[in-house]
Amino acid sequence: MVEATRIEGTSKGLPPSLQERVTIPVTGMTCAACQSFVQRTLAGQPGVRDANVNLMLNNATVLFDPAVATVSGLVDAVRGTGYGAEMPALLESAIAEQEENDKEQTREHRQLRLKAGVSMVAGVVAMTLSMPLMSENGARGMERIKDPLMDWSERVLNPLLRSALPWLYRLSGDGIRWFLFVLAGFILGWAGRRFYVKAWSALKHRTADMNTLVALGTGAAFAYSAASTIAPHFFLAHDVAPDVYFEASILIVGLVLTGNALESRAKARTASALRKLAQLQPRTATVMRDGVEAELRVEQIRENDVVLVRPGERIPTDGRVTSGRSSVDESMITGEPLPVEKTILDKVTGGTLNQRGAFEYRASGLGAEGTLAQIVRLLREAQGSRAPIQRVADRVSAIFVPVVLAIAAITFAAWRIFAPGAGAMQASAAAVAVLVIACPCAMGLAVPTAVMVATGRGASYGILIKGGEALQRLEKIDTVVLDKTGTITVGRPRVTDVVAISRAGETVAEAENRIVRVAGALERASEHPLAEAVVRYAQDRGLDLPHVQEFESLTGEGVVGLVEGEVVLIGNSALMGRYSIATKSMEEIGRRFAENGMTALWIGIAGVSAGVIAVSDTIKANAAEAIRRLHAEGLRVVMVTGDNEHAARAIAREVGVDEVIAGVLPAGKVDAIKRLQQEGQVVAMVGDGINDAPALAQADIGLTMATGADIAMEAGDVMLMRSDLTSVAGAISLSRGTMRVMRQNLFWAFLYNVIGIPLAAGVLYPVFGLMLSPVVASAAMALSSFSVVTNSLRLRRLKLS
C-alpha cells in the first residue's frame, strides 16, 4: 500500500519535502541476516530516507523521495539481492492485504510441514540402513568420527536392530550406499533445494545468510558420502573407513525444515489478532435500493446506501442509524465487554455484531476508509515496525554469518593441528556442526515476534499501540498527565444549579428561565462541552432559544454575543473582569460550587451580573481504581485542566491524583508537560486527541482516548479504543511485560550461540570427550528459533485488566 505523507525533516538531514511511504511484499527471507541484507540494500538506494524490513510479515516499509526514487526501482533493488519482491497493491484495503497474507502463510506452512515430514521419515530410513555400514567399517578398525550420537548408535541401537532385523545386515554394503546416495540426492534436491538456491544467490551478491550455513553443512556431508560411495577403494587405501553420512545430511535438512514449520505455525499464532479483526468483515450485506432488498457483496455498497441489519448479523460498514434500535457488541473493536445501545442517529461500526434488534443505517466509511480497515492497517503497520532494541540484533546479524564461517574454518584447522590423531573426518564433523548450529534466526525473531504478539494482545483489549518504538518508550514512563474532561470525567457535563439575580417584578423561576434562555441561545453557537450542557438544559426546560448576532469565542474565557439587542457574556470570572462586570455579590456561591467540583459559568447581561450556572461532569466509575493501578506501577499522576482550581482539586481528591495543574489554556498544557520534562520526568499525556493534540505531541508518549465509532487515527502514539482509564494502566503493563520478553529473547538467542558454537567446535572434547553431532546441532538450531517465538506467545496471556 502506498501512502503519501508530508514529513517535516528527515533522518538524513534533507530539507522537508513531499515523501511517500510504501510497503513492498518480500519473499525468500529466512533469517536475520537476510533481513539485514535487504534492509541495507534498500537504505542505500538514492532518495530513500528510511527502510524497515520485517522478517515476520515478509515485507519492507520504505520512506522515500518520489522525485529521486520510484516504487518499481525499489522493487528491482530487492530483486537484485536475490530475494523476491512484488509491486504493492495501491488501492487494496488492509483487510484484503491481511486475508491474502494469511492464505500465503497457510500455503507456506503446509509446504514446510510436508517437506519436513518426508525428510524426517527418509532420515530415519537412512539412519536404519546405515547401521550395517557402521558395523562393517567399525570391524576394520579404521579412522571413524567419534561423537556421542554415533557411539550411542553403535552401543545401543545397533544390537537392537541386529536382533530385530537380521536380514538388514545381510544386504550388500555397496547396494545400501548407492540407495542412500539416491535417497539423499532426492531429499536435498527437493526438500532442501531452497537452501542451496538461496545460498547460491547470496554468494552471487557477495553475502551470506542462514541458507549458506545449512547448504555448506549438508553439502559437505553429502559430498564426503558421495565420494565414499563412488570411490571407496581410495579411502581403504589410506586406512580410512568409507563411511557415509547421507543420514546426517537428510536429518539436518529435515530438522531445519521442522524448525521452520514449527516457527511458521508459531508466527501465524502471533498474527491471530490481525486475523480475527480481518475476519470480522462480513462478505455480503442486505441493501435497500428502490424499496427492494438486495443481497450484495460488501465491495458493492455505495456511500449513503441504506443497509438493513438483522439480529445476529455483523454490521458490514460504518454508518449512522436511520431507523430501528438494537444493542451492538463492539468488544472485538473496543475491548468493551458490554453491548452498546444504538438508536436513530447513533454511529455504528463495520465488523461489530448486532444482537437482539433490527435496524437500518446509512452507509459511510467504505473500503479502506472504514474504521475496521483503518484499525487493521494501523495494527499491521505497528506489527511491521521496529523497536529500537532491535538494533542490537541487527548489528550482530550483519556480521554473524561471516564470523561463523571463519569460526568453522578455524575449528577445522584447530582439530587438524592440535589433534592430528582424530583425523580429517573428526575435524570436518566439528566444522559442519559449527555451521549448522550457528543460525541467526533466533536473534532476528527475538524482537519482532514480541512486538507482533504484544500489539495483537493490546488490540484485543482496545489498545492500539502504533509500533515498536512507542511500545519501548512507554516502558520508561514515570509520570502520567491526565486531561480532566473526557478522561477522568465522562465528558458529558450537565447543569446542576442555576442562581439568577431577579429584576424588578420577576419571580425566581422567571429570572432563572431568562438567564438560561439567553445562555442557551449564546452557547448554541459554541462547540465547548460545557456549552452543550447549557443548551441541552435550556431545551429540556422547553425554552425557545432566540437568534444570536455578533458571536465571539474568547479562548479560555468564554463567549460573547448580541441576544435580542442586549450584550450577553457567559464564561469565567476573567471574562467578567475583562468587561468590568462586578461579581462580588455572587462570589460566595461560585466558591461553594467550585468546592463541590462544579464549574461556575458567570452570566453578564447588558453590562451587569445576571447570575451563575453550575455545570458538573460525572467522574468515570473506574477512574479512582485506574489511578490506583497507575500508582501501583510506581507512576506519578498529574491532572491538567482549564477548569478553576477549586473544582479541579475537588475531583482530584475524589480520584486520588497526586498533583493538579488548573486554569490552563491548551498552550498551558504544553508548558506544563515541558516543565515536567525539564524536571527529568518521562511523561505520558492522556487526552482526547483533538483539543489536546499539542500536548500529546509534546509528551514523550501520547495516549488518545477514543471510541470505536469515532477515531482520531493519527493522534497520539497509543489509541485507547474505549473511554476506560484502566486502559492506560493496561498499556503500560503491556509495554513493560513486552520489554521483559524482548530482553529474555535476546539474552537466550545470544547465550544459545555463545554456548552452542564452542560446544559444536569441540572445546569440551579434550576433557570430557563431549562434542555435538551435526544432527544434534541441527536439532538444537531448529529449537532455538521455536523457543523464542513460543516465549513471545506468552504475552497473549498477559493480564491487562
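Residues numbered from 1 in each chain as written. Predicted model: local features only at pLDDT ≥ 70, side-chain atom pairs only at ≥ 80, totals over all residues. Heavy atoms only, no water.

A. A look at the overall build of the protein. Helix and strand counts for the protein come out as 28 helices and 27 strands. Considering only contacts in the protein between residues 6 or more positions apart, those separated by 24 or more positions represent 70%. A total accessible area of about 34000 Å² is found for the protein, and carbon and sulfur atoms account for 57% of it. (Helix = DSSP H or I, 4+ residues; strand = E, 2+ residues; numbered from the N terminus. Contact = heavy atoms within 4.5 Å. Areas by Shrake-Rupley, 256 points an atom, 1.4 Å probe, with all protein chains shown as cover.)

B. Expanded view of the environment of Lys-484. Structurally, the position occupied by Lys-484 is in helix α17 (residues 484–488). Using a relative accessible area of 5% as the deciding quantity, one classes Lys-484 as buried. C-alpha separation for the pair Lys-484 and Met-639, spaced 155 residues apart in sequence, amounts to 6.4 Å. (Buried < 20%, exposed > 50% of the residue type's maximum accessible area, 1.4 Å probe, protein only.)

C. Looking closely at the side chain of Thr-599. Its location among the elements puts Thr-599 in strand β21 (residues 599–605). What makes Thr-599 buried here is its relative accessible area of 11%.

D. Looking closely at the environment of Ala-202. Within the fold, Ala-202 resides in helix α6 (residues 193–204). The sequence separation of Ala-202 and Tyr-83 amounts to 119 residues, and the corresponding C-alpha distance is 9.1 Å. Setting aside residues no more than four positions away along its own chain, Ala-202 makes contact with Thr-207, Ala-208, Asp-209 and Thr-212.

E. Quick look at the nonpolar core. Among the nonpolar cores identified, the biggest contains 139 residues, and Leu-42, Val-480, Ile-488, Leu-703, Val-728 and Met-742 are the most heavily contacted of them. Per-element tally for this core: the top contributor is helix α26 (residues 726–761), with 14 residues. Setting aside residues up to four positions removed in sequence, Leu-42 forms contacts with Val-48, Ala-51, Val-53, Ala-60, Val-62, Leu-74, Ala-77 and Val-78. Within the second largest apolar cluster, 26 residues are counted, among which are Val-518, Leu-530, Ala-533 and Ile-605. (Core = buried A, V, L, I, M, F, W, Y, C linked by side-chain atoms within 4.5 Å.)

F. Looking closely at a nonpolar patch on the surface. A surface patch of nonpolar side chains, amounting to about 270 Å² of accessible area, comprises Leu-114, Val-118 and Phe-186. Mapped onto the elements, Val-118 comes out in helix α3 (residues 94–138). We classify Val-118 as partly exposed; its relative accessible area is 30%. (Patch = residues over 30% accessible without salt bridge, like charges linked within 9 Å, V, L, I, M, F, W, Y side chains within 5 Å. Salt bridge = Lys/Arg side-chain N within 4 Å of Asp/Glu carboxyl O.)

G. Representation of the sheet that holds strand β11 (residues 340–342) within the structure. Pairing within the open sheet is antiparallel, and its three strands lie in the order β11-β10-β13. Every interior strand has two partners, whereas the edge strands, β11 and β13 (353–354), have only one. In terms of strand pairing, strand β10 (residues 326–329) meets β11 through three bridges, oriented antiparallel. Note that in β11 the partner of Ser-327 across the bridge is Glu-341. (Pairing = 2+ DSSP bridges.)

H. Representation of the sheet that holds strand β24 (residues 659–661). Taken in spatial order, the seven strands make up an open sheet running β15-β27-β26-β25-β16-β23-β24, and their pairing is mixed. Edge positions in the sheet fall to β15 (463–465) and β24, since each of these pairs with one other strand and no more. Strand after strand, the sheet turns through a mean of 20 degrees between neighbouring axes, direction not considered. Where β15 meets strand β27 (residues 718–720), three bridges bridge the pair, whose relative direction is antiparallel. Residue pairing across strands places Leu-464 opposite Met-719, the latter belonging to β27. Along the sheet, α26 contacts β15, β16 (479–483), β25 (683–687), β26 (701–705) and β27; its crossing angle with β15, the most-contacted strand, is approximately 45 degrees. (Axes fitted to C-alpha atoms, helices over the stretch in contact; angles between N-to-C directions.)

I. Broad picture of the pattern of salt bridges. Counted under the stated rule, the structure contains 26 salt bridges. Note that Arg-49 is salt-bridged to Asp-65, the shortest N-O span being 2.9 Å. A residue pair is termed long-range when its members are at least 10 positions apart, and Arg-49 in strand β3 (residues 48–54) and Asp-65 in the loop between β4 (59–64) and α2 (71–80) qualify at 16 residues. On the basis of relative accessible area, Asp-65 is assigned to the buried category, the value being 12%. Arg-628 is the salt-bridge partner of Glu-625, the closest N and O atoms lying 2.9 Å from each other. Of this pair, Glu-625 and Arg-628 both sit in helix α22 (residues 623–632), three residues apart, which is roughly one turn of that helix.

J. Structural context of the environment of Gln-39. Inspection of the secondary structure assignment puts Gln-39 in helix α1 (residues 32–43). Sequence separation of Gln-39 and Val-53 is 14 residues, and the distance between their C-alpha atoms is 5.5 Å. Not counting residues within four places of it along the chain, the set of residues in contact with Gln-39 comprises Ala-51, Asn-52, Val-53, Arg-386 and Asp-394. Of the polar contacts made by the side chain of Gln-39, one reaches the backbone nitrogen of Val-53; its length is 3.0 Å. (Polar contact = N/O pair within 3.5 Å; in protein donor to acceptor, adjacent residues only side chain to side chain.)

K. Representation of the packing of helix α5 (residues 173–190) against helix α7 (residues 210–230). In the contact formed by α5 and α7, the axes pass within 10 Å of each other and the chain directions differ by 155 degrees. When the axis of α5 is compared with that of α7, the two are roughly antiparallel. By crossing handedness, the relation of α5 to α7 is classed as left-handed. Contacts from Arg-177, Trp-178, Phe-181, Ala-184, Gly-185 and Leu-188 in α5 reach Thr-218, Phe-222, Ala-226, Ser-228, Thr-229 and Ile-230 in α7. For the contact of α5 with α7, the class distribution of residues is seven nonpolar, four polar and one charged. (Parallel < 35°, antiparallel > 145°, perpendicular 65-115°, else oblique. Left-handed = near helix turned anticlockwise from the far one by under 90°. Nonpolar A, V, L, I, M, F, W, Y, C, P; charged D, E, K, R; others polar.)

L. Just α2, in detail. Taken residue by residue, α2 has Val-71, Leu-74, Val-75, Ala-77 and Val-78 as its buried positions. Looking straight down α2, one finds its buried side chains confined to an arc of 155 degrees; they lie on one side. At the exit of α2 stands Gly-82, carrying a positive phi of roughly 100 degrees. (Arc of directions from axis to C-beta.)

M. Looking closely at the packing of aromatic side chains. By the definition in use, this model includes eight aromatic pairs. Geometrically, the ring pair formed by Phe-181 and Phe-222 is stacked, given 5.6 Å between the ring centres and 20 degrees between the ring planes. Taken as a pair, Phe-181 in helix α5 and Phe-222 in helix α7 lie far apart in primary sequence, 41 residues in all. Accessibility expressed as a relative area gives 23% for Phe-181, which makes it partly exposed. Here Phe-747 and Trp-748 contribute two aromatic rings whose centre-to-centre distance is 5.1 Å and whose plane-to-plane angle is 75 degrees, an arrangement assigned as edge-to-face. Here the aromatic cluster, defined as three or more aromatic residues joined through ring pairs, consists of Trp-178, Phe-181, Phe-222 and Phe-246. (Phe/Tyr/Trp six-rings, centres within 6.5 Å; stacked < 30°, edge-to-face > 60°.)

N. Broad picture of a positive patch on the surface. A grouping of Lys-276, Arg-740, Arg-794, Arg-796 and Arg-797 is seen on the molecular surface, where their side chains present a positively charged patch. Turning to its location among the elements, Arg-796 is positioned in the segment after α28 (774–793). (Lys, Arg positive; Asp, Glu negative; His and termini not counted. Charge placed at Lys NZ, Arg CZ, Asp CG, Glu CD.)

O. Examining the pairing of β10 more closely. Side-chain alternation along β10 places Ser-326 and Val-328 on one buried face and Ser-327 and Asp-329 on a second face that is also buried. The pairing of β10 with β13 spans two bridges and is antiparallel. The residue of β13 that forms the bridge with Asp-329 is Leu-353.

P. Broad picture of unusual backbone geometry. If you check the backbone angles, Asp-290 has positive phi at about 60 degrees while not being a glycine. Structurally, Asp-290 is set in the loop between β6 (284–289) and β7 (292–297).

Q. The arrangement of the pairing of strand β14 (residues 359–364) in detail. In this sheet, β14 lies alongside strand β8 (residues 306–309) in antiparallel orientation, the contact comprising four bridges. What sits directly across from Val-309, in β14, is Phe-359. With six bridges connecting them, strand β9 (residues 318–324) and β14 associate as antiparallel partners. When the bridges of β14 are listed, Gly-324 appears paired with Phe-359.

R. Quick peek at the confidence of the model for the protein. Per-residue pLDDT for the protein has a mean of 82; in total, 89% of the residues score no lower than 70. No element of the protein has a lower mean pLDDT than strand β1 (residues 2–7), at 38, and none a higher one than β8, at 94. Low pLDDT, under 50, characterises residues 1–17; the predicted model gives this stretch 45 contacts beyond four residues in sequence or across chains. Low pLDDT, under 50, characterises residues 138–145; the stretch is placed with 29 contacts to residues that sit more than four places away or in other chains. (pLDDT = per-residue confidence, 0-100.)

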